[in-house]
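Per-entry structural report
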Amino acid sequence: MVFKCIIPAGGKGTRLHPYTEEVPKPLVEVAGKPLLHYTFKTLKQLKIKDIILVNGYKAHMIEEYVEKHAKDFNAVCVTQKENEMLGIPSAIISAEKEIDDDFIMLLPDFIFVENMTYILRKHKATKADSTLVLDKGKPLINCCSCRLEGDVITAITMNDGTPKSMHEYLVYGMDVHKQDFIDSCKKLKVSARGQYEIVQAYVDRLNEGKKLVGIPAKKKAFHITAPRDKEEFEKMLKEKKE
């Protein structure tokens, strides 16, 4: 099985202002390197060659970076129009023509500090329909919350702050899916906040009897969604050097 990777890279990154005023979120520099640099590093460790970057906001800047810095990959850029940028599922649908087997979805605002190859091995070994990387910790409001029994995800909810919606694990920026996950995305309806919710695609697959496997990350990754996240990562690196 040869995996391809979809990288949703088109968001405006409003929570990362002011850093995203001049550049798209995947090109925001963290410790002197754009976020995409760390994404490419993860993909090299996974020995992934085929990548599809789904662009939108300041797409030309992403394309220029890819042309210069993705020479080790077979990279395809797909640009969404403004009215097509409706969340991660819309990015996955936009990449459909490039997908012909199981694929990885990797968010470029996560910095993984470990080799994630064990995720791909587990996906193959368990014959999962979808495999989600998880983090054990306090559930965040409006984030995907999962209950895990062994390797199998048995419940998924969008955490709304009530006890019934809060499970032990959060989805953590990297998924592996069978090709039919694209069909799950196509079935979604726009939510109250005007997006296609990837959480709903997970829930629908679970309700259809699909096998969803969850794998807690071995090491803490860094999710760069706000200026303080960037600053904390840079502070951590500086303290390590000292």
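Read on for an overview of the structure. (Residues numbered from 1 in each chain as written. Predicted model: local features only at pLDDT ≥ 70, side-chain atom pairs only at ≥ 80, totals over all residues. Heavy atoms only, no water.)

Thoughts on the nonpolar core
By size, the foremost hydrophobic cluster in this structure holds 63 residues, and its most contacted members are Phe40, Leu43, Ile104 and Met174. The leading source of residues in this core is helix α6 (residues 198-207), at five residues. Contacts of Ile104, omitting those with residues within four sequence positions, involve Phe3, Lys4, Cys5, Ile6, Leu46, Ile48, Leu120, Met174, Asp175 and Val176. By size, the runner-up hydrophobic cluster in this structure holds nine residues, among which are Leu35, Tyr38, Ile111 and Met236. (Core = buried A, V, L, I, M, F, W, Y, C linked by side-chain atoms within 4.5 Å. Buried < 20%, exposed > 50% of the residue type's maximum accessible area, 1.4 Å probe, protein only. Helix = DSSP H or I, 4+ residues; strand = E, 2+ residues; numbered from the N terminus. Contact = heavy atoms within 4.5 Å.)

Observations regarding the environment of Gln195
As for its placement among the helices and strands, Gln195 is situated in the loop between α5 (181-186) and α6. The class for Gln195 is partly exposed, based on a relative accessible area of 27%. Taking C-alpha positions, Gln195 is 4.6 Å from Leu86, a pair spaced 109 residues apart along the chain. Sequence-distant contacts of Gln195, that is, excluding residues within four places in its chain, are made with Leu86, Gly87, Lys189 and Val190.

Points about the packing of aromatic side chains
All told, the structure shown has eight aromatic pairs when counted by the stated rule. With centroids separated by 4.9 Å and ring planes inclined at 70 degrees, the aromatic side chains of Phe222 and Phe233 adopt a geometry described as edge-to-face. Here Phe222 is found in strand β13 (residues 222-223), whereas its partner Phe233 is found in helix α7 (residues 227-241), with eleven residues between them in sequence. With relative accessibility at 23%, the residue Phe222 sits in the partly exposed group. You can call Phe233 buried: its relative accessible area is 3%. Within the aromatic cluster, the residues linked to one another by ring pairs are Tyr38, Phe222 and Phe233. Here Lys218 stacks its cationic end above the ring of Tyr118, 4.2 Å away from the centre of that ring. Here the basic side chain of Lys230 rests over the ring of Tyr19, its NZ or CZ set 4.8 Å away from the ring centre. (Phe/Tyr/Trp six-rings, centres within 6.5 Å; stacked < 30°, edge-to-face > 60°. Lys NZ or Arg CZ within 6 Å of the ring centre and 35° of its normal.)

Comments concerning unusual backbone geometry
Going from His17 to Pro18, the amide bond is cis rather than trans, its omega being 10 degrees. In this fold, Pro18 is placed in the loop between β1 (4-8) and β2 (29-30). Phi angles above zero are rare outside glycine, and Ala31 is one such case at about 55 degrees. By the secondary structure assignment, Ala31 is in the loop between β2 and β3 (33-34). Relative accessible area serves as the criterion here: at 35%, Ala31 is assigned to the partly exposed category. Phi is positive for Lys47, close to 60 degrees, though the residue is something other than glycine.

Notes on helix α2 (residues 59-69)
Taken as a whole, α2 has its buried residues at Ala59, Ile62, Tyr65 and Val66. Viewed end-on, α2 has its buried residues packed into an arc of 125 degrees, placing them on one side of the element. Facing away from the buried side of α2, by more than 90 degrees, are the exposed residues Glu67 and Lys68. Against β3, α1 (35-45), β4 (50-55) and β5 (74-79) lie the buried residues of α2. (Arc of directions from axis to C-beta.)

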